[in-house]
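# Coordinate inspection notes
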Amino acid sequence: MSRGLHSIRLLSDPDIELLLDLAQDIKRNHQAGKPVLPQSKSQMVGLLFFENSTRTRVAFSQAASLLGHKTVQFGSSGSSISKGETLKDTLLTLRFAQLDAMVIRHPSSGATQMAARYFSGPIVNAGDGRHEHPSQALGDALTIIQHKGELRGRKVAIIGDVLHSRVARSNAWLLSRMGAEVRFVGPKTLIPSATGGLPVQVFYDLRTGIAGCDVVMPLRLQRERMNDGLLPPGSDFASQYQINRAAMKAASQDAIIMHPGPMNRGVEIDDWAADGPQSAVLDQVSNGIYAKTAALAWAMGASMRPVGLA
Ligand code: NCD
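Residues numbered from 1 in each chain as written. Predicted model: local features only at pLDDT ≥ 70, side-chain atom pairs only at ≥ 80, totals over all residues. Heavy atoms only, no water.

With six of six residues buried, strand β3 (residues 101-106) lies mostly within the body of the structure. Along β3, one buried face is formed by Ala101, Val103 and Arg105 and the opposite face, lined by Met102, Ile104 and His106, is buried too. Here strand β1 (residues 44-49) pairs with β3 via five bridges, running parallel. For Leu48, the partnering residue across the bridge sits in β3 and is Ile104. Sheet topology note: the β3/strand β4 (residues 123-128) ladder contains four bridges and is parallel. Bridge pairing in β4 places Ile104 opposite Asn125. (Buried < 20%, exposed > 50% of the residue type's maximum accessible area, 1.4 Å probe, protein only. Helix = DSSP H or I, 4+ residues; strand = E, 2+ residues; numbered from the N terminus. Pairing = 2+ DSSP bridges.)

Given below as structure tokens:
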């Protein structure tokens, strides 16, 4: 069976629930020192990264190895991708590499769906342009469940450069479908004018936007995806939107602070918020590995029987 994980939006609610349950089973098994899933035949997973990445690339290779698979890495430096080769040509060349599955990160929205025309095996989207980053949202949801018990009824504020953020879009779809209240908070120029059917509330004032929230998630200013003029010269984003101790007084007292990384300390987040008692940033990193393991196993059609019940 071959299926891909391209977006949260295209998943059914039962599939989202299954993926979250699977990630939690995998986490439990891994922490108990057991194999994460019943071992299936070892396969070859291609990691194609047309954009820089630290945590996502490492987490997907860890995920593949937890499932007993091997990986081949293709990055934008050290491969013909840096010579301007297109995704299509790379994929046609890789037909001879006998890959069983691919994890793809690409600067263009929709790239993984386009890739499915040239590769018939399962594809997992590791971030396509400003479209989606589904495995990040699954890991973030696990982190909220870990700290807040459940998603239903939780108030989650996603702050800053929502416009260019695939993380914001995947999280907003997943969290709202699972019953959370999602808010986008930021300057008018960095919040999408049409939220494309997303059931989110929009706030332009930080303190009003995070008032009473259980989860506060600032985002990096993704300058590499920005056109000029979105942040007027001299505009002080940090003084209006930075998540720090003073700003957190507006959120719920036991709110957690999350950030998908990479963090720009001193801009959207300060050291206190990144490292202090309310930070759940490192839990996001470890849950991200379990979420990616679940995403890869699900896309590759692995047996979903939890090891504990075998
Ligand atoms: C994000 C991404 O690449 O979309 N990082 C990640 O994968 N954890 C966020 C970003 O680039 O700011």
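After presenting the structure, the write-up continues.
Here the focus is the packing of helix α1 (residues 13-31) against helix α5 (residues 134-148). Taken N-terminus to C-terminus, the directions of α1 and α5 make an angle of 70 degrees; their axes are 10 Å apart at the nearest point. Here α1 is positioned roughly perpendicular relative to α5, judged by the angle of their axes. In this structure, α1 meets α5 at a crossing whose hand is right-handed. Of the residues in α5, those touching α1 at Leu19, Leu20, Ala23, Gln24 and Lys27 are Leu138, Ala141, Leu142, Ile145 and Gln146. When the residues that make up the contact of α1 with α5 are grouped by side-chain class, the tally is seven nonpolar, two polar and one charged. (Axes fitted to C-alpha atoms, helices over the stretch in contact; angles between N-to-C directions. Parallel < 35°, antiparallel > 145°, perpendicular 65-115°, else oblique. Left-handed = near helix turned anticlockwise from the far one by under 90°. Contact = heavy atoms within 4.5 Å. Nonpolar A, V, L, I, M, F, W, Y, C, P; charged D, E, K, R; others polar.)

Residues in close proximity to the ligand total 13 residues, the closest being Arg105, His133, Arg166, Arg220 and Pro260. His133 places a side-chain nitrogen or oxygen 2.8 Å from an oxygen atom of the ligand. For the ligand, a nitrogen atom lies 3.2 Å from a polar atom in the side chain of Gln136. Protein burial of the ligand: of its 320 Å² of free accessible surface, 94% is covered by the chains. When atoms are counted within 2 Å of each cavity's grid points, the one that captures over half of the ligand is the largest pocket. (Near = heavy atom within 4 Å. Polar contact = N/O pair within 3.5 Å; in protein donor to acceptor, adjacent residues only side chain to side chain. Areas by Shrake-Rupley, 256 points an atom, 1.4 Å probe, with all protein chains shown as cover. 1 Å grid on protein atoms, 1.4 Å probe; cavity = no way out; pocket = protein on both sides within 12 Å on 5 of 7 lines; lining within 4 Å. Sits in = over half its atoms within 2 Å of the grid points.)

Turning our attention to the side chain of His69. For His69, the location among the structural elements is in the loop between α2 (55-66) and β2 (70-75). At 3.0 Å, the side chain of His69 forms a polar contact with the backbone nitrogen of Gln43.

Quick look at the nonpolar core now. Grouped together as the largest cluster of nonpolar side chains are 59 residues, with contacts concentrated most on Val103, Leu151, Ile158, Leu174, Leu175, Phe184 and Leu296. In terms of residues, this core owes the most to one element, helix α11 (residues 281-299), which gives eight residues. Residues within four places of Leu296 in sequence aside, it is in contact with Val45, Phe60, Ala63, Ala64, Leu67, Val103 and Val124. If you look at the next biggest cluster of nonpolar residues, it comprises 24 residues, including Leu206, Phe237, Ala247 and Met248. (Core = buried A, V, L, I, M, F, W, Y, C linked by side-chain atoms within 4.5 Å.)

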